[in-house]
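Observations on the three-dimensional arrangement
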Amino acid sequence: MICTVTVFILTAITYYIFDYLLRRLKVGGYHNRHVLVTGCDSGFGQRTVIKLDNLGFKVFAGCLTEDGKKYLSQNCSKSVVPFLLDVRSNESIQSALDLVKQHLPENTGLWGLVNNAGILVTMAPTELCTKSEYLTSMDVNLFGLIEMTRLFLPLIRKCQGRIINTSSWAGRLACLAPVYVLSKYGVEAYSDILRREMYTTGTKVCIVEPGGFTTPISSGEKILESVQKAYDQASEDIQSVYKVFVKNFFKRILVVQGSSNLDLVVDTYIHGLTSRFPRTRYTPGNDSKFLYIPISYLPTCLADWILKYNLK
């Protein structure tokens, strides 16, 4: 028995050492590689562009607003090409493709696509959410990601590049925020399918599943406003059902804050783009790594038992 345990421990240690060393191997030649990042107005996207620029990459930075575009123009080198991009618009995505092709050297592909753009429409419970809110969330978080990938895939495949798709712990564990969760489950499914389709091409697909982080799209004030709005629009009968829930939800949001260390997520993007052997999944944030993702592996009845207290 002791021998078996010892062998298991030694095997586990050997595996983790080998995995650690393998993931540290880099591709090199950053100055000849081109990467496109979406959602670069602030947060993860903006920081990713700045880090890639410092590493020497040529970066196409898709921004939704003129302010975002202007900030990157003023704070990055000439290797960064900021441009306006709305992933909800097929015309905008096609324009982005045309722009990238114009800037790429002849017979050169796109090394990386970081699908970072995302929104959090509301965290209201299912009965208070409307069809239009689901569609708004899907349009950015899922359909925009899919269309970006579809159109840029030939360029990425040309140099056996990388696709980094931003999901969430909420794409692995369905709990609260149904509008957001459904879109992220879609990202997980799409990314798994795409990764398996790309096996024979050398193109790698990575999924990033962050925990809670404090970013402009997830500010407590916006979340509270969205839930209050959904509650106010409901009938009195429905309000009576969710009165206690909304009250407790407000208290919790005011107390619980996400991590402010955005580099935990940004560094996974960078690793996915620079490692010779990137991971299939990244789980930045202690809540994602040690709480939500582990719960997702539990039997359904046990996961439900744990989560029902969270829902209360």
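Above: the structure in question.
Residues numbered from 1 in each chain as written. Predicted model: local features only at pLDDT ≥ 70, side-chain atom pairs only at ≥ 80, totals over all residues. Heavy atoms only, no water.

Another point: the overall build of the protein chain. In terms of helices and strands, the protein chain carries 11 helices and seven strands. Seen along its three principal axes, the alpha-carbon backbone of the protein chain occupies a region of about 65 × 65 × 35 Å. The buried share of the protein chain, taken over its 312 residues, is 46%. A separation threshold of at least 6 residues defines the contact pool for the protein chain, and within that pool the share at least 24 residues apart is 70%. Entry remark: accessible area of the protein chain is about 16400 Å², with carbon and sulfur atoms responsible for 59%. Looking at charge distribution, the protein chain has the averaged site of its 34 positive side-chain charges lying 9 Å from that of its 26 negative ones. (Helix = DSSP H or I, 4+ residues; strand = E, 2+ residues; numbered from the N terminus. Buried < 20%, exposed > 50% of the residue type's maximum accessible area, 1.4 Å probe, protein only. Contact = heavy atoms within 4.5 Å. Areas by Shrake-Rupley, 256 points an atom, 1.4 Å probe, with all protein chains shown as cover. Lys, Arg positive; Asp, Glu negative; His and termini not counted. Charge placed at Lys NZ, Arg CZ, Asp CG, Glu CD.)

Right, let's talk about the side chain of Asn115 for a bit. Following the sequence through the fold, Asn115 ends up in strand β4 (residues 112-115). Its relative accessible area of 2% is what places Asn115 among the buried residues. Here the side chain of Asn115 touches Thr149 through a polar contact of 3.1 Å, side chain to side chain. Setting aside chain neighbours within four positions, we find Asn115 in contact with Thr38, Leu145, Met148, Thr149, Ile163, Ile164, Asn165 and Thr166. (Polar contact = N/O pair within 3.5 Å; in protein donor to acceptor, adjacent residues only side chain to side chain.)

Our next topic: the pairing of strand β1 (residues 34-37). Of the two faces of β1, the one lined by His34 and Leu36 and the one lined by Val35 and Val37 are each fully buried. Bridge count between β1 and strand β2 (residues 58-63): four bridges; the pairing is parallel. Bridged to His34 within β2 is Lys58. The parallel pair β1 and β2 is bridged by helix α2 (residues 43-55), and the resulting crossover is right-handed. Pairing of β1 with β4, which is carried by three bridges, proceeds in the parallel orientation. When the bridges of β4 are listed, Val35 appears paired with Gly112. (Pairing = 2+ DSSP bridges. Right-handed = clockwise from strand over helix to strand, strands pointing away.)

Grouped together as the largest cluster of nonpolar side chains are 29 residues, with contacts concentrated most on Leu36, Phe60, Val100, Leu110, Met148 and Phe152. Counting residues per element, this core draws most heavily on helix α5 (residues 131-158), at 10 residues. Apart from the residues within four sequence positions on either side, Val100 is in contact with Leu36, Phe60, Leu110, Phe152 and Leu155. (Core = buried A, V, L, I, M, F, W, Y, C linked by side-chain atoms within 4.5 Å.)

It is worth spelling out the side chain of Thr201 at this point. Topologically, Thr201 is positioned in the loop between α6 (178-197) and β6 (204-208). What Thr201 contacts, discounting residues up to four positions off in sequence, is Arg157 and Gln160.

In short, shape yes, function no, at least from these values alone.
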